[in-house]
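# Results of the structural survey
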Amino acid sequence: MKHVRLPKYIKPERYQLTIKPDLKNFTFEGDEVIFLNLKKAVTEITLHSKELDIASSIYVSTSPALRASSPRQERRGSTNYDPKSETATFKFAKALPKGKGELRLKFSGILNDKMRGFYRSRYMHEGKEKHMATTQFEATDARRAFPCFDEPSSKAVFDVTLMVPKGLTAISNTVESSVVEHKSGYRVVKFAPTPKMSTYLLAFIVGDFEFIEGRTKSQRKVSVGNGFKPFPTSQTDKGTLVRVFVTPGKKHQAKFALDTAIKVLEFYNEYFDIPYPLPVLDLIAIPDFSHGAMENWGAVTYRESALLVDPENSSAANKQWVALVIAHELAHQWFGNLVTMEWWTHLWLNEGFASYIEYLATNKLFPSWDIWTQFAYADLGVALKLDALKNTHPIEVEVGHPDEIGEIFDEISYSKGASIIRMLAGYLGEKDFRDGLRYYLKKHSYSNASTVDLWKALEKVSGKPVEKLMKNWTSRPGYPVVKIVEGLKNFKLTQERFFSSSISKKKSTELTVWDIPIGIGMPQTAQAGKFLLKSKSATIGKTKSDWTKLNVGETGFFRVDYPAQMLAALRQPVKEKNISPIDRLGLVRDAFALAEAGQLPTVQALELAEAYVNETDYTVWVELVSGLAGVKNLIYGSDFYVNFEQFAQKLLSPIGKAVGFYPKKGEKHTYGLLRSLILGQLTAFNHQSTIELGLKIFESGKIPPDIRSLIYQIVAQTGNAKQHANFVARYKSEQLNEEQNRIGRALGQFKDAGLLKKTLEFAMSKDVRIQDTAQIFSSVWANQEGRNLAWQFTKTHWAELLKKYPGSGHILNRFIKPAAGFVTMEKATEVNLFFKKHQAPGAKRAIEQTLEKIYSNAAWLNRDETHIKNWLSKKLTF
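Analysis parameters
Residues numbered from 1 in each chain as written. Predicted model: local features only at pLDDT ≥ 70, side-chain atom pairs only at ≥ 80, totals over all residues. Heavy atoms only, no water. Pairing = 2+ DSSP bridges. Helix = DSSP H or I, 4+ residues; strand = E, 2+ residues; numbered from the N terminus. Axes fitted to C-alpha atoms, helices over the stretch in contact; angles between N-to-C directions. Phe/Tyr/Trp six-rings, centres within 6.5 Å; stacked < 30°, edge-to-face > 60°. Buried < 20%, exposed > 50% of the residue type's maximum accessible area, 1.4 Å probe, protein only. pLDDT = per-residue confidence, 0-100. Contact = heavy atoms within 4.5 Å. Polar contact = N/O pair within 3.5 Å; in protein donor to acceptor, adjacent residues only side chain to side chain. Parallel < 35°, antiparallel > 145°, perpendicular 65-115°, else oblique. Left-handed = near helix turned anticlockwise from the far one by under 90°. Nonpolar A, V, L, I, M, F, W, Y, C, P; charged D, E, K, R; others polar. Patch = residues over 30% accessible without salt bridge, like charges linked within 9 Å, V, L, I, M, F, W, Y side chains within 5 Å. Areas by Shrake-Rupley, 256 points an atom, 1.4 Å probe, with all protein chains shown as cover. Salt bridge = Lys/Arg side-chain N within 4 Å of Asp/Glu carboxyl O. Lys, Arg positive; Asp, Glu negative; His and termini not counted. Charge placed at Lys NZ, Arg CZ, Asp CG, Glu CD.

Glancing now at the sheet that holds strand E4 (residues 52-61). One open sheet holds the 8 strands; their spatial order is E5-E4-E8-E2-E1-E11-E14-E13, and the pairing between them is mixed. Each having just a single partner strand, strand E5 (74-76) and strand E13 (176-181) make up the two edges of the open sheet. Put simply, the sheet's adjacent strands are angled 15° from each other on average, direction ignored. In this structure, E4 lies alongside E5, joined through 3 bridges in antiparallel fashion. In the strand pairing of E5, Ile58 is matched with Arg76.

This brings us to the packing of aromatic side chains. All chains considered together, the criterion is met by 54 aromatic pairs. Between the aromatic rings of Phe211 and Phe245, the centroid separation amounts to 5.0 Å while the plane-to-plane angle is 35°, which identifies the pairing as tilted. You can see Phe211 sitting in strand E16 (residues 210-215) and its partner Phe245 sitting in strand E17 (residues 241-246), a full 34 residues away along the chain. Judged by centre distance (5.6 Å) and plane angle (75°), the ring pair of Trp791 and Phe834 falls under edge-to-face. Separated by 43 residues along the polypeptide, Trp791 in helix H25 (residues 787-796) and Phe834 in helix H28 (residues 825-837) bring together distant segments of the chain. Overall, the relative accessible area of 8% leaves Phe834 in the buried class. An aromatic cluster is defined as three or more aromatic residues linked by ring pairs; in this entry it consists of Phe267, Tyr268, Tyr271, Phe272, Tyr276, Trp334, Phe335, Trp348, Phe353, Tyr440 and Trp455.

This prediction gives the protein a mean pLDDT of 92; 96% of its residues lie at or above 70. Within the protein, helix H1 (residues 64-69) has the poorest average pLDDT of any element, 60, and strand E20 (residues 299-303) the best, 98. Contacts for the low-pLDDT stretch residues 220-236, under 50 throughout, to residues beyond four places or in other chains number 39 contacts.

Tracing the sequence through the fold places Arg559 in strand E29 (residues 559-561). Here the side chain of Arg559 touches Tyr479 through a polar contact of 3.0 Å, side chain to side chain. Here Arg559 is in contact with Leu384, Lys385, Tyr479, Pro480, Val481, Val482, Phe498, Arg589, Asp590 and Ala593, once residues within four sequence places are set aside.

A separate point is the packing of helix H14 (residues 581-597) against helix H15 (residues 602-610). Contact geometry for H14 and H15: axes closest at 8 Å, N-to-C directions at 160°. What the angle tells us is that H14 and H15 run roughly antiparallel. Helix-helix and strand crossings are classified by hand; for H14 and H15 the assignment is left-handed. Between H14 and H15, the contacting residues are Leu587, Val588, Ala591, Phe592 and Ala595 on the first element and Thr602, Ala605, Leu606, Leu608 and Ala609 on the second. Here the residues of the contact of H14 with H15 are counted per class, giving 9 nonpolar, 1 polar and no charged.

Positive charge collects at one region of the surface, where Lys11, Lys39, Lys98 and Lys196 lie side by side. Counting through the fold element by element, Lys196 comes out in the loop between strand E14 (186-191) and strand E15 (204-207). Assessed through its relative accessible area of 38%, Lys196 is described here as partly exposed.

Its place among the elements puts Tyr271 in helix H2 (residues 255-272). On the basis of relative accessible area, Tyr271 is assigned to the buried category, the value being 11%. Sequence-wise, Tyr271 and Glu126 are 145 residues apart; in three dimensions their C-alpha atoms are separated by 44 Å.

Moving on, we get to unusual backbone geometry. Of note, the bond from Glu138 into Ala139 is cis; its omega dihedral lies within 30 degrees of zero at 5°. One non-glycine residue, Met115, adopts positive backbone phi at about 60°. Tracing the backbone shows Met115 in the loop between strand E8 (99-110) and strand E9 (117-125). Its relative accessible area of 2% is what places Met115 among the buried residues.

Successive residues of a regular strand alternate their side chains across the two faces of the sheet. Looking at chain direction, E9 and strand E10 (residues 128-136) are connected through 9 bridges and run antiparallel. When the sheet's bridge partners are listed, Ser121 is paired in E10 with Met132. Connecting E9 to the next strand, E10, in antiparallel fashion are 2 residues, including Glu126 with a positive phi near 55°.

And the structure:
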């Protein structure tokens with residue numbers, strides 16, 4: 001695709017921006033002055049602009065030398081649009097002189113309903129539909145709101161003024177500096193200048209809001225860096241003002257977010273040794289939002305379910321999710337906002353670090369949540385799955401067109417980025433890692449940086465060869481599997497790239513060698529040794545031990561392939577819990593992955609799974625359930641699937657009986673998460689006593705929020721048209737987005753094809769926000785009885801989906817990737833042919849990944865189906 005970078009010889013320094021939204025006609029008008037520095041004389045100026053009507057352009061030179069020799073001249077330009085490159089070029093009859101000047105623009109646009117740029121969001125209050133106007137600019141959608149240099153390296157100061165109807169609240173990145181009542185009935189709200197920052201971090205929101213507020217502890221006064229000090233009084237004895245904005249009637253749902261945000265901000269102030277530089281931090285709940293949240297500097301926007309916690313109706317799982325999302329977005333105030341990647345190639349510097357640091361902060365605030373063990377599944381495990389594909393991409397990937405940029409907002413940038421940072425932090429040690437981050441942030445404050453800049457900072461502080469160690473982890477796709485060969489006195493370790501598909505492995509000529517920090521554990525100690533594997537293979541000494549576990553703490557981004565006797569020796573310590581939960585998790589995760597890849601018989605992975613019959617750790621069970629789900633997906637509908645159901649029931653029943661449906665006094669946070677997971681799996685495997693008790697709880701009408709998703713699942717799985725209609729009615733009337741999500745997922749879990757078709761039709765209706773449509777689709781996709789129906793429905797409505805999500809590849813992916821569950825070559829051919837004939841902008845890589853997974857599933861089934869069948873037939877007495 002065409003590379004669409006703007007020329008470097010024109011630099012923006014400041015924007016004066018006035019925006020007037022019309023919430024009745026869903027349009028907006030804008031006046032703009034961009035203060036420019038021309039490095040040479042030019043006859044044209046090109047800016048990014050998309051779906052804007054630019055009425056006029058005037059340029060005024062303001063260089064002192066020119067002003068002294070000639071009167072101030074205004075030069076009018078003509079406007080040429082290039083929709084493909086998303087730019088507008090202003091051409092002038094005479095050359096504009098080198099030096100400083102002002103580009104003055106008048107423009108207008110549409111408040112769209114696509115959750116991009118400057119858009120409208122709807123909500124109900126007191127029975128009436130209302131609207132707000134809000135922004136979502138990352139990665140390249142500021143250009144939909146005002147003509148600009150919409151690239152992360154084109155940092156500037158923004159002076160924002162919003163003209164809003166009386167009675168509505170205006171929010172932007174900073175505090176109000178003045179409010180003037182306009183004779184037109186509008187209020188003119190002017191905001192203090194922002195720090196020097198990128199366009200994608202600008203925000204303006206207009207609507208009817210309520211808020212609650214608090215302050216952080218006092219902070220010392222600091223200079224905010226690079227000679228720029230927009231807020232000389234921002235660090236005062238009063239601390240930072242923190243506010244949470246919600247639509248009317250929801251203030252009671254904002255307290256947890258406010259308390260969490262204040263504590264997280266205080267933690268980061270200390271950890272980064274750079275106090276938050278703005279006087280205010282606002283968190284705003286938006287009813288319609290394409291992502292989970294967006295880190296706009298000082299005005300962070302959130303999907304309601306990612307910010308609001310209802311004391312009576314929110315689950316512990318959602319409360320945990322809210323804490324992690326807040327910690328993630330506030331980490332961006334330093335990583336991403338204070339120091340910004342030079343170009344989207346280095347997106348992971350933003351997202352990988354925020355995805356790592358969020359766990360540091362959450363663990364500090366909620367140590368009983370065992371959040372780092374959860375990281376091993378939620379981020380490390382997710383990244384290992386995606387990056388095992390041939391059709392993955394390096395952490396650093398060259399991108400040009402906005403469609404390409406959208407494709408890299410995925411698990412590689414976020415979760416793999418976080419995982420290799422965690423690996424590096426373990427290698428460097430906590431103090432050197434933290435001090436290196438501080439050095440990096442202070443050196444590059446209010447400017448841009450690349451991956452190498454970070455490595456140099458960590459290298460300078462630690463004295464270790466970080467750049468060399470990390471080069472292949474960011475510049476190359478994939479990761480290694482370390483294979484062990486056991487000798488009498490030594491272990492031989494060999495590395496090669498891991499592929500989850502045996503087909504991809506056969507075709508590969510990959511020769512990458514990674515520097516791999518490896519922790520080695522044995523019964524005598526949890527950390528018997530550390531080793532850096534820097535070559536294709538190496539030999540390490542062996543001590544007498546009953547068992548050996550590599551990748552202790554699962555800090556390394558790699559898999560381990562044990563010989564059969566070593567893997568068998570680990571079963572007993574797993575059963576007796578003599579190794580840590582995170583290491584028990586890693587063992588079963590790698591076993592099922594190797595089975596899928598054809599490097600371990602699937603029956604050996606199932607035999608290892610049997611050792612977990614006494615397991616009580618939530619995250620270990622999450623990983624184990626994921627492994628079982630992979631096998632279930634292969635053999636569902638076969639003549640021996642019922643045997644697998646019985647195997648799964650017997651494995652899950654002991655822990656299911658232990659957790660029960662109701663919490664025990666004093667149980668820990670993760671036990672509540674475990675309850676829904678285990679009983680949900682027993683339900684999925686048709687465990688009748690679980691289902692019967694769940695139905696009784698539903699009939700009682702008293703359903704604690706922590707088990708509502710589970711109970712709704714049970715009702716749907718056994719339900720008929722009456723229950724389906726009841727869920728639809730409740731969805732329509734529900735005001736809590738979290739509860740809507742629970743009901744929406746349940747609607748995809750009915751067994752009747754007619755009801756599932758109604759679910760899909762409902763998901764496309766006006767009663768479901770377009771942010772939530774994909775989630776309901778996914779629930780039907782995940783239902784084995786609904787997969788083919790979901791695929792047919794997706795194909796039939798593809799043109800409609802493209803209209804709903806124009807250019808939003810990251811959302812379209814959610815309608816494509818579930819097809820990866822298919823297990824036949826016929827389905828692979830069908831998917832391939834469909835997307836050869838139909839466009840999927842921004843989703844090319846997702847299609848390739850989906851096809852690779854289907855081919856892999858088909859090969860896995862062909863290779864191991866008979867072995868699984870025979871093994872299960874012998875296990876009925878287990």
